Amino acid sequence: MLSWAFINNNPGKETSMPRTYHIHHSPGQHITLPMRMTIAAAYNRDLRLPKKARPSLRKLAGELGLSKSTLHDEIRRGIVPRPNLFKDKEVWDYSPEIAQAAIDAGNANKGAPMKMTTIVAKLLRIEIVDHHRSPYDALAHLREQGIPNLPCERSVYYHVHHGDIGISPSQLPYKPTPHRKKHAKPRRSLKMPANLSIEERPDLDDRSEFGHWEMDTIVSGV
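Residues numbered from 1 in each chain as written. Predicted model: local features only at pLDDT ≥ 70, side-chain atom pairs only at ≥ 80, totals over all residues. Heavy atoms only, no water.

(A) Fine view of the overall build of the protein chain. Counting its regular elements, the protein chain contains 8 helices and 2 strands. In the protein chain, the order of α-helices and β-strands from amino to carboxyl end is α-α-α-α-β-β-α-α-α-α. Evaluated residue by residue, the protein chain yields a buried proportion of 26% over its 222 residues. Considering only intrachain contacts with a sequence separation of at least 6, the fraction spanning at least 24 residues in the protein chain is 50%. Put simply, the protein chain shows about 17200 Å² of open surface, and 55% of that area lies on carbon and sulfur atoms. (Helix = DSSP H or I, 4+ residues; strand = E, 2+ residues; numbered from the N terminus. Buried < 20%, exposed > 50% of the residue type's maximum accessible area, 1.4 Å probe, protein only. Contact = heavy atoms within 4.5 Å. Areas by Shrake-Rupley, 256 points an atom, 1.4 Å probe, with all protein chains shown as cover.)

Take a look at the structure:
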């Protein structure tokens, strides 16, 4: 693998060396720092070639074993803030350290890791399905064995009912009856007989019936 120091110190000899760059990358796999070092050696070397002799980004991605979109995003992530001068031209190099620092900063903001991992799910399947334990008993048994960072019982039931860990609710030894909320039917508001309109009310001057009031809502300007 070529290092960036060799390319920077030998700008005129890069065309005589064979192109043997390749990254063993599978879809869904995260790019590691050694992979970024290989990208830097290939990409920064091509920047110093004449424009007509420079391979396209798609061709470079094929040589590296990456997709074009993956290589494009990775190069944008690791472009150095200040260009380097090469033959009186500004060259924007790719830095694997800058790209790795951006990835590490993003990973630091992800929050706490998920407790229901693949290993924990496999252990729970063994305890629940094979040993016929309830989720509570299975978690207690795993804690006795020293398994750290186990989820709570409620989380286990959540993943079971959503089919996330390969256990169906019918495989649980104890099946609690779900509590269903009874939704009340909507009630229509009824007109009370005592609430009469102002036309149906008696005259306020004779005060023959209690409960009918008159109010002046006009604010005087005096």
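So much for the structure itself; the text now carries on.
(B) Seen up close, the pattern of salt bridges. On inspection of all chains with the given rule, the structure shows 5 salt bridges. In this structure, Glu 74 engages Arg 36 in a salt bridge whose closest nitrogen and oxygen atoms are separated by 2.6 Å. Of this pair, Glu 74 sits in helix α4 (residues 68-78) while Arg 36 sits in helix α2 (residues 33-47); the two residues are 38 residues apart in sequence, bridging distant segments of the chain. Grouping residues by exposure puts Glu 74 and Arg 36 together as buried. With a shortest N-O distance of 2.5 Å, Arg 77 and Glu 74 are connected by a salt bridge. Of the two residues, Arg 77 and Glu 74 are both situated in helix α4; the distance of 3 residues between them amounts to about one turn of the helix. By relative accessible area, Arg 77 is classed as partly exposed at 31%. The network of salt bridges with common partners includes Arg 36, Glu 74 and Arg 77. (Salt bridge = Lys/Arg side-chain N within 4 Å of Asp/Glu carboxyl O.)

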